[in-house]
Amino acid sequence: MPLKNIILRKLHMSLKNPFTTSFGTTQEKEIFIIEAYDSDGNCGYGESVAFSSPWYTEETVKTSQHMIEDFLVPILQKNEISHPDDVSKLFSPIKRNNMAKAAVEGAIWDLYAKRNNITLAEALGGEKKEIDVGISIGIQPTMNDLLHTIDKSLNEGYKRIKLKIKPGADMEVLREVRAHFPSTLIMADANSAYTLEDIDHLKKLDDLELMMIEQPLAHDDIVDHAKLQSQIQTPICLDESIHSLEDVRKAYELGSCKIMNVKIGRVGGLTEALRIHDYCRKHDIKVWCGGMLEAGVGRAHNIALTTLPQFVLPGDTAGSSHYWEKDIIVPEVVAQHGVIKVPDKPGIGYELNSDAINEYTDWWKEFHFES
Ligand SMILES: O=C(O)CCC(=O)c1ccccc1C(=O)O
Ligand SMILES: [Mg+2]
């Protein structure tokens, strides 16, 4: 796969609505779009998902830029790649920085699919023609706002509702929501806001018939989650704690969770996400694709990954219009009745919207490759 050049582009976008979790509120998003060109005129796209501050994991927009410019692109300039799997191998001497790695690797995966004239989903081995999606609702100012937002999302057809919770805004909120929506698939995401001291409190979740509780305990824990899982009925799903197949294996062997949230950025790219998928399929662990408030390129990558068979639960990849006034791809991602049709054009299957890209671009840089 001879590369001709890579363009690294920094975009600034504003979410339609602020998104609040147990750790704070996100409204502005800075992302990198990576464009990887070959000499035949094909271009693969990747998107970085790190936030401006390190509240979710340790990575930030600035650390991603440092990694991409100073380490990751130079590795590609010095080495030949014949398949996207080579990229994660070449990046493995660099510790962590998974979101930066995933952004670059994603562009190579898209380029690889386009060079072979197949969809990214096909390149990954996915077969679904459409995927089911749910929606993640941030912490709302009032109970009424929350009930109204849930109602609107259900009317739009989303297949399950994820609610953000935190100590002090949890059981009563969930009870009230459950009373209004007795048969809706509901799950809660704590973004690591509790500790094992809260175990008696967390046992109260069991009356609410939630699909799962996502990342109740520390962002880097799998031991306490195993203790918690042994004492509650509600299935635990891990998000922040999972950065690799090795983390998945250890969590499974310890009994830390029953469900895995896979995010391409958090696990360092599509190649690692595929390995996790295959392991979970073998061990009958339910998997779904998490979201990072992505713009269109990241969204398209999530859709392609979700076509794999073990993605058996609806993911967080809602339609573009849920997040953005104007997304960066054409067509935008549309979820109808909670279903997204997987595009059938090569690669990610969406074009970039050049007007939107130009409007949002703050900065860019080009890297040349020797032929
Ligand atoms: O709608 C989305 O993209 C997912 C929203 C979401 O829950 C989330 C958004 C940003 C960071 C972390 C999370 C999370 O899954 O914990
Ligand atoms: Mg989460």
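Nothing here was measured: the structure is a model prediction, and the numbers come from that model. (Residues numbered from 1 in each chain as written. Chains lettered and ligands numbered in written order. Predicted model: local features only at pLDDT ≥ 70, side-chain atom pairs only at ≥ 80, totals over all residues.)

## Here's the deal with the domain arrangement of the protein
Reasoning step 1: Domain annotation of the protein identifies domain 1 (3-117 + 351-368) and domain 2 (122-341).
Reasoning step 2: A separation of 23 Å is found between the C-alpha centroids of domain 1 and domain 2.
Reasoning step 3: In this assembly, 37 residues from domain 1 lie in contact with 34 residues from domain 2.
Reasoning step 4: At the level of secondary structure, the elements contributing two or more residues to the side of domain 1 that touches domain 2 comprise strand 1 (3-21), strand 2 (24-38), strand 3 (43-47), helix 2 (85-91), helix 3 (98-115), strand 14 (351-352) and helix 12 (354-360).
Reasoning step 5: Counting residues per element, the side of domain 1 that touches domain 2 draws most heavily on helix 3, at nine residues.
Reasoning step 6: Of the residues that constitute the side of domain 1 that touches domain 2, the class distribution is 19 nonpolar, eleven polar and seven charged. (Domains from an automatic or database assignment. Contact = placed C-beta atoms within 7 Å. Helix = DSSP H or I, 4+ residues; strand = E, 2+ residues; numbered from the N terminus. Nonpolar A, V, L, I, M, F, W, Y, C, P; charged D, E, K, R; others polar.)

## Considering the packing of helix 5 (residues 143-156) against helix 6 (residues 171-180)
Reasoning step 1: Two elements in contact, helix 5 and helix 6, have axes separated by 11 Å at closest approach and are oriented at 45°. As far as their axial angle goes, helix 6 and helix 5 are oblique. Helix 5 and helix 6 meet at a crossing whose hand is right-handed. Where helix 5 abuts helix 6, its residues Met143, Leu146, Leu147 and Ile150 lie against Val173, Glu176, Val177 and His180.
Reasoning step 2: Of the residues assigned to the contact of helix 5 with helix 6, the class counts are six nonpolar, one polar and one charged. (Axes fitted to C-alpha atoms, helices over the stretch in contact; angles between N-to-C directions. Parallel < 35°, antiparallel > 145°, perpendicular 65-115°, else oblique. Left-handed = near helix turned anticlockwise from the far one by under 90°.)

## Some words on the sheet that holds strand 7 (residues 186-189)
Strand pairing in a sheet relies on backbone hydrogen bonds, with the paired strands running either antiparallel or parallel.
Reasoning step 1: The strand order across the open sheet formed by seven strands is 5-6-7-8-9-10-11, and the pairing between neighbours is parallel. The open sheet terminates on both sides in strands that have one partner only, identified here as strand 5 (135-137) and strand 11 (286-289).
Reasoning step 2: Inspection of the sheet shows strand 9 (residues 236-238) paired to strand 10 (residues 259-262) by two bridges, in the parallel sense. Bridge pairing links Leu238 to Met260 in strand 10.
Reasoning step 3: Running at roughly 165° to strand 10, helix 10 (residues 270-282) makes contact with strand 10 and strand 11 of the sheet. (Pairing = 2+ DSSP bridges.)

## Examining unusual backbone geometry
Reasoning step 1: Cis geometry marks the peptide bond from Val330 to Pro331; its omega dihedral reads -10°.
Reasoning step 2: With respect to the helices and strands, the residue Pro331 is situated in the loop between strand 12 (329-330) and strand 13 (339-341).
Reasoning step 3: Of note, Asn117 is a non-glycine position whose phi angle comes to about 55°, a positive value.
Reasoning step 4: Checked against the element boundaries, Asn117 lands in the loop between helix 3 and helix 4 (120-124).
Reasoning step 5: For Asn117, a count of 11 C-beta atoms within 10 Å corresponds to the exposed category. (Buried ≥ 20, exposed ≤ 12 C-beta atoms within 10 Å, placed from the backbone.)

## Focus: the UniProt feature "domain: Mandelate racemase/muconate lactonizing enzyme C-terminal" (unreviewed entry) in the protein
Reasoning step 1: Taking the UniProt record as the reference, the feature "domain: Mandelate racemase/muconate lactonizing enzyme C-terminal" (unreviewed entry) is found at residues 143-235.
Reasoning step 2: Its end C-alpha atoms 25 Å apart, residues 143-235 is made of 39% helix and 11% strand. (UniProt positions renumbered as here; feature names shortened; annotations may be inferred.)

## A closer look at the environment of Lys78
Reasoning step 1: Along the chain, Lys78 turns up in helix 1 (residues 61-78).
Reasoning step 2: By the C-beta count within 10 Å, which is 10 here, Lys78 ends up exposed.
Reasoning step 3: Remark: the alpha-carbon pair of Lys78 and Glu370, spanning 292 residues in sequence, is separated by 9.0 Å.

## Some points on helix 1
Every α-helix winds through 3.6 residues per turn, so residues three or four apart in the chain are directed the same way.
Reasoning step 1: Between its terminal C-alpha atoms helix 1 stretches 25 Å, which fits the 26 Å expected from 18 residues at 1.5 Å a residue.
Reasoning step 2: Approximately 45° is the largest bend angle found in helix 1, and it occurs at Ile68.
Reasoning step 3: Within helix 1, the full set of buried residues consists of Val61, Ser64, Met67, Ile68, Leu72, Val73 and Leu76.
Reasoning step 4: Elements in contact with the buried residues of helix 1: strand 1, strand 2, helix 2, helix 3 and strand 15 (361-368). (Expected span 1.5 Å × (residues − 1). Bend = angle between axes of the 7 residues up to and from the residue.)

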